[in-house]
Amino acid sequence: MGVTTVTDVRPAPAGTDGGVLHTLFRSEQGGHEQVVLCQDRASGLKAVIAIHSTALGPALGGTRFHAYASEEEAVLDALNLSRGMSYKNALAGLDHGGGKAVIIGDPDLIKTEELLLAYGRFVASLGGRYVTACDVGTYVADMDVVARTNKWTTGRSPANGGAGDSSVLTAYGVFQGMRASAQALWGDPTLRGRKVGIAGVGKVGHLLVEHLLKDGAEVMITDVRADAVARVRAEHPQVTAVADTEALIRTEGLDVYAPCALGGALSDDSVPVLTAKVVCGAANNQLAHPGVEKDLSDRGILYAPDYVVNAGGVIQVADELHGFDFDRCKTKAAKIFDTTLAIFARAKADGIPPAAAADRLAEQRMAEARRS
């Protein structure tokens, strides 16, 4: 097992924007307290652990297992995701800072018990500054393995002292964000009679479908995995499937677009053709770059900031550290409705997009914690 620092990343060629080191130290996207590159040759583990802030408490965030195109891309993803967790945890009212880890590689090909145990040892080496959990490509069973070498692990199975799948409350929180968006835009906190398009019906998306159907919404879905679409259609034949995200966002009469897969869904290409009046989904880092939130606002599209509405999962895993109580967590997750409305009100009062208003509120809480 070996640990290197972020300074071991190869510097960018002359004339470029500076690569990952530039991002790390640039205040707008960086400001991270610590970034660790991890390698265990015996198991094939290559991972990045990024701690953005511990102002509010130990950094908390999941572990993403993904086949990145390059190590530099993996570092950048960890930096962006960990920063997002600082803001998410702050607005969720948690006493945790933001952190995130990524494991580089295709989980279907390289994920082994040996690799997960090695990863757990790296997390343990941070002495509690970072608490890990599930994310894309990792599951409850994986966290049970990681916990064998690292006590700072959440998202474990009930049989191993954990709370189980955090997707349940993530979906519930996103639904509360949608209700708040409906209240703000249409004056009624319900999706009844509204057409909602969900891109990505995996761990969270398929549960969101159920909430929306119970509320009386018309639901459309798409996913790159045919089996995911087939599962939803088998359980809910009234749901309409479309070919891809491009077709979904162009659907006539779409009221709400819910990105629930990977990040970057809101871009210079997608926003101009988006027909929905509300964007509210579970995916992290939905804005492809700074400035997209203004493009949404200019088009009259109400954006519910992703890290606000998808906080149900982190609320659950944080509670696990203190002895999990589902009803207590659900009560906290229900407050996402009020938080989302408060962000919309702040945005209107300050004349800024909701994403900027959410950032201001989160930064205010973190700044107050640093001063205390």
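What you are looking at is a predicted structure, and each value in this text was computed from that prediction instead of being measured.

Asks: Explain the nonpolar core to me, using residue names and the numbers behind them.
Replies: One finds Met178, Ile198, Leu208, Val209, Leu212, Val219 and Ile221 to be the most contacted residues of the largest nonpolar core, which totals 41 residues. Considering every element that reaches this core, the biggest residue donor is helix H7 (residues 205–214), with 5 residues. When sequence neighbours within four positions are dropped, the list of residues in contact with Ile198 reads Gly205, Leu208, Val209, Leu212, Val219, Met220, Ile221, Thr222, Leu248, Ala258 and Cys260.

Asks: Tell me about helix H15 (residues 354–371), and please be specific about residues and values.
Replies: An ideal rise of 1.5 Å per residue puts 26 Å on 18 residues; H15 measures up with 26 Å between its terminal C-alpha atoms. On its buried side, H15 packs onto strand S3 (45–53), helix H2 (71–91), helix H10 (292–298), strand S13 (302–303), helix H11 (306–309) and helix H14 (336–350).

Asks: With reference to specific residues and values, describe the sheet that holds strand S11 (residues 256–259).
Replies: On the basis of which strands lie adjacent, the open sheet formed by 6 strands has the order S10-S9-S8-S11-S12-S13 and parallel pairing. In this open sheet, the two edge strands, each paired with only one partner strand, are strand S10 (240–241) and S13. Looking at chain direction, strand S12 (residues 278–279) and S13 are connected through 2 bridges and run parallel. Within S13, the position partnered with Val278 by the bridge is Leu302.

Asks: Which residues make up the packing of helix H6 (residues 167–186) against H14, and what values go with them?
Replies: Here H6 crosses H14 at 40°, and the two axes come no closer than 8 Å. Looking at the two axes, H6 sits oblique to H14. Here H6 and H14 pass one another in a crossing that is right-handed. Where H6 approaches H14, its residues Gly173, Gln176, Gly177, Arg179, Ala180, Ser181, Gln183 and Ala184 are matched on the opposing element by Ile336, Phe337, Thr340, Leu341 and Phe344. Across the contact of H6 with H14, the residue classes break down as 6 nonpolar, 6 polar and 1 charged.

The rules behind each value
- Residues numbered from 1 in each chain as written.
- Predicted model: local features only at pLDDT ≥ 70, side-chain atom pairs only at ≥ 80, totals over all residues.
- Heavy atoms only, no water.
- Core = buried A, V, L, I, M, F, W, Y, C linked by side-chain atoms within 4.5 Å.
- Buried < 20%, exposed > 50% of the residue type's maximum accessible area, 1.4 Å probe, protein only.
- Helix = DSSP H or I, 4+ residues; strand = E, 2+ residues; numbered from the N terminus.
- Contact = heavy atoms within 4.5 Å.
- Expected span 1.5 Å × (residues − 1).
- Pairing = 2+ DSSP bridges.
- Axes fitted to C-alpha atoms, helices over the stretch in contact; angles between N-to-C directions.
- Parallel < 35°, antiparallel > 145°, perpendicular 65-115°, else oblique.
- Left-handed = near helix turned anticlockwise from the far one by under 90°.
- Nonpolar A, V, L, I, M, F, W, Y, C, P; charged D, E, K, R; others polar.

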